Amino acid sequence: QVQLEESGGGLVQAGGSLRLSCAASGSARPFSTYYMGWFRQAPGKDRDFVAHINGIGDSTYYADSVKGRFTISRDNAKKTVYLQMNTLKPEDTAVYLCAIRLRGPYYLPGSYNYWGQGTQVTVSS
């Protein structure tokens, strides 16, 4: 059973930066075999795709709303995926969750089968 734990969230002013981490544990498979995604969910809203990265980290996808501001990366030796968030906006406020993609489109939550508990990001104006 794979477990994911996010960290790095917090309160930041608009224009600021945060780096989120997602650490994996408990898997018998090499971490490099997992395609990983970041999603976010604001209160009362759907869980939205943010970013995706393949197993070796040479292919990434981003939601249009974060393109050019957020960067997803990974360190397979540390079994960790990162989300560097720059030029944060109040509309980026949400719980951010990482997940392992099983199959299906990278931008759909239903394509992922393991999820972390999430980390809160709050951006003040």
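Look above for the structure.
Residues numbered from 1 in each chain as written. Predicted model: local features only at pLDDT ≥ 70, side-chain atom pairs only at ≥ 80, totals over all residues. Heavy atoms only, no water.

(A) Focus on the nonpolar core. Among the nonpolar cores identified, the biggest contains 34 residues, and M36, W38, L83, M85 and Y96 are the most heavily contacted of them. Mapped by element, the contributors of at least two residues to this core are β3 (18-25), β4 (35-41), β5 (47-53), β7 (70-75), β8 (80-85), β9 (94-101) and β11 (119-124). At five residues, β9 tops the list of elements feeding residues into this core. Excluding anything up to four places from it in sequence, M36 contacts L4, C22, F31, A51, H52, I53, I72, R74, V81, A99, I100 and Y112. (Core = buried A, V, L, I, M, F, W, Y, C linked by side-chain atoms within 4.5 Å. Buried < 20%, exposed > 50% of the residue type's maximum accessible area, 1.4 Å probe, protein only. Helix = DSSP H or I, 4+ residues; strand = E, 2+ residues; numbered from the N terminus. Contact = heavy atoms within 4.5 Å.)

(B) Representation of the state of the cysteines within the structure. What the rule picks out here adds up to one disulfide. C22 shares a disulfide with C98; S-S distance 2.0 Å. Disulfide C22 to C98: torsion about the S-S bond roughly 65°, handedness right-handed. Separated by 76 residues along the polypeptide, C22 in strand β3 and C98 in strand β9 bring together distant segments of the chain. Across the pair, C98 and C22 agree in class, each one buried. (Disulfide = S-S within 2.5 Å.)

(C) Structural detail: the pattern of salt bridges. If you walk through the whole model with that rule in mind, you get three salt bridges. In this structure, the salt-bridge partner of R40 is D92, at a minimum N-O distance of 2.9 Å. Of this pair, R40 sits in strand β4 while D92 is found in the loop between β8 and β9, placing the two residues 52 residues apart along the sequence. By the burial criterion, R40 is buried, and D92 matches it. Residue K67 pairs with D64 through a salt bridge whose shortest N-O separation is 3.1 Å. Each of the salt bridges in this network shares a partner with another, and the network as a whole consists of R40, R69 and D92. (Salt bridge = Lys/Arg side-chain N within 4 Å of Asp/Glu carboxyl O.)

(D) Molecular detail of the pairing of β7. Side-chain alternation along β7 places F70, I72 and R74 on a buried face and T71, S73 and D75 on a face that remains uncovered. Judged from the six bridges that link them, β7 and β8 form a sheet pairing that is antiparallel. Following the sheet pairing, S73 is matched in β8 by Y82. Here β7 hands over to β8 after four residues, with K79 in that stretch at a positive phi of 55°. (Pairing = 2+ DSSP bridges.)

(E) Focus on the side chain of R69. With respect to the helices and strands, R69 occurs in the loop between β6 (60-62) and β7. For R69, a relative accessible area of 10% translates into the label buried. In this structure the side chain of R69 is engaged in a polar contact, spanning 2.9 Å, whose partner is the backbone oxygen of S65. A polar side-chain atom of R69 sits 2.7 Å from a polar atom in the side chain of D92. Discounting residues that sit within four places of it in the chain, R69 has contacts with Q84, M85, N86, T87, L88, K89 and D92. (Polar contact = N/O pair within 3.5 Å; in protein donor to acceptor, adjacent residues only side chain to side chain.)

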